[in-house]
Amino acid sequence: MTDPAAVGVGPLWVGTSWKMNKGVTEARLYARGLSEYTSRTDLSGVQPFIIPSFTAVAAARDELGAGSPVLLGVQNAHWEDHGAWTGEVSVMQAKDAGAQLVEIGHSERREHFGETVATTRLKVAAVLAHGLVPLLCVGESAEVKRAGDSSGFILEQAAGALDGLPADQLGRVLIAYEPIWAIGENGRPATVEELREPFADLGREYGGRTRGLLYGGSVSLDNAEDLLGIDHVTGLFIGRAAWHLPGYLRLLEVAAAHRKATGSAGG
Ligand code: PGA
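Residues numbered from 1 in each chain as written. Predicted model: local features only at pLDDT ≥ 70, side-chain atom pairs only at ≥ 80, totals over all residues. Heavy atoms only, no water.

> Give a detailed account of the confidence of the model for the protein chain, specifying residues and quantitative values.
Chain-level pLDDT for the protein chain is 95 on average; 95% of the residues reach the 70-or-more range. Averaged over each element, pLDDT in the protein chain is lowest for helix H11 (residues 245–262) (97) and highest for strand E4 (residues 101–104) (99). pLDDT under 50 marks residues 1–9. Its contacts with residues more than four places away, or in other chains, come to 23 contacts. (pLDDT = per-residue confidence, 0-100. Helix = DSSP H or I, 4+ residues; strand = E, 2+ residues; numbered from the N terminus. Contact = heavy atoms within 4.5 Å.)

Spelled out as structure tokens, the structure:
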């Protein structure tokens, strides 16, 4: 596996969380196909990552193999290493199973599983302490957007989890901006215009100080290229459009072509 610390400077991060989908067999097939693809494809300037369910992480690790350019993640992890936390999986256990990246604070976890700004903060710290990459998700509801406070809301979520981190640790963090109104079956794809301001504000605060600023929410082949062109966007965090391997591979190709054409992220 690639050492996350050794990932080249400034790639476009393009990855997918499978959410609560795929068993071990399906995960194996996907990871094997992805591994075959990356072994024969030049994806320089692009950092792929996949985030299976906990049950499939070890299988995906085995299929990707040592030295894979694909980073492997988990969708959540507890901040304590071990203890009486029934039903939880710690960052340490996730790392032991092969995870190199931990998703934190997805809106589905905030809405349904009691994730708070305080717990995202604990999790970011634990992930950094174990040398993994935190992928912090932030995003506002349609209501907050209607009230005209999208940027204030997401900056507050980010600051709540990240304020006070030393520069070197902040530099290991990925932030994904995922407006809730744009996510999933009931989501409406965001327009480029709608995303310019939140990314300008995130960019002002975190651009160049973090590892990357990703966009997520109804990313597809129809909008990927335009999304990558938004200032400060340095990656895509994809759900449904990448659950089928060919869809993910095509999105990786869009990012690689974008990178080649612009020579830098967010261009
Ligand atoms: P979606 O999911 O691409 O299916 O909208 C995005 C996400 O929740 O990260």
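> Mind laying out the packing of aromatic side chains, listing which residues take part and the relevant values?
By the definition in use, this model includes 8 aromatic pairs. Relative to Tyr-215, the ring of Phe-199 has its centre 6.4 Å away and its plane inclined at 65°; by these criteria the two rings are edge-to-face. Placement of the pair is Phe-199 in helix H9 (residues 192–206) and Tyr-215 in strand E7 (residues 212–216), with a sequence separation of 16 residues. Looking at Tyr-215, the relative accessible area reads 1%, which means it is buried. (Phe/Tyr/Trp six-rings, centres within 6.5 Å; stacked < 30°, edge-to-face > 60°. Buried < 20%, exposed > 50% of the residue type's maximum accessible area, 1.4 Å probe, protein only.)

> Tell me about the site of the ligand, and please be specific about residues and values.
Taken together, Lys-19, His-106, Glu-178, Ile-183, Gly-184, Gly-217, Ser-218, Gly-239 and Arg-240 are the residues near the ligand. Contact distances for the ligand include 2.7 Å between an oxygen atom and a side-chain N or O atom of Lys-19. The separation between an oxygen atom of the ligand and a polar main-chain atom of Gly-239 is 2.9 Å. Protein contacts shield 99% of the accessible area of the ligand, which totals 280 Å² for the unbound molecule. Here the residues of the shell around the ligand sort into 1 nonpolar, 5 polar and 3 charged. (Near = heavy atom within 4 Å. Polar contact = N/O pair within 3.5 Å; in protein donor to acceptor, adjacent residues only side chain to side chain. Areas by Shrake-Rupley, 256 points an atom, 1.4 Å probe, with all protein chains shown as cover. Nonpolar A, V, L, I, M, F, W, Y, C, P; charged D, E, K, R; others polar.)

> Go over the packing of helix H1 (residues 24–39) against H11, please, and point to the residues and values.
Two packed helices can be described by the angle between their axes and the distance between those axes. Running from N to C, H1 and H11 cross one another at 30°; their axes reach a closest spacing of 10 Å. Classified by the angle between their axes, H1 and H11 sit roughly parallel to one another. Here H1 runs over H11; the crossing is right-handed. In contact with Tyr-30, Gly-33, Leu-34 and Tyr-37 of H1, H11 contributes Leu-245, Tyr-248, Leu-249, Leu-252 and Glu-253. For the contact of H1 with H11, a count of residues per class yields 7 nonpolar, 1 polar and 1 charged. (Axes fitted to C-alpha atoms, helices over the stretch in contact; angles between N-to-C directions. Parallel < 35°, antiparallel > 145°, perpendicular 65-115°, else oblique. Left-handed = near helix turned anticlockwise from the far one by under 90°.)

> Could you give me a rundown of the packing of helix H7 (residues 150–162) against H9, with the residues and numbers involved?
Running from N to C, H7 and H9 point in directions that differ by 30°, and their axes come no closer than 9 Å. Taken together, the axis directions place H7 and H9 in an arrangement best described as roughly parallel. Seen from above, H7 lies across H9 with right-handed handedness. Each of Ser-151, Ile-154, Leu-155, Ala-158, Ala-159 and Leu-162 in H7 lies in contact with H9, whose residues at this interface are Glu-197, Pro-198, Asp-201, Leu-202, Glu-205 and Tyr-206. Of the residues contributing to the contact of H7 with H9, the split by class is 8 nonpolar, 1 polar and 3 charged.

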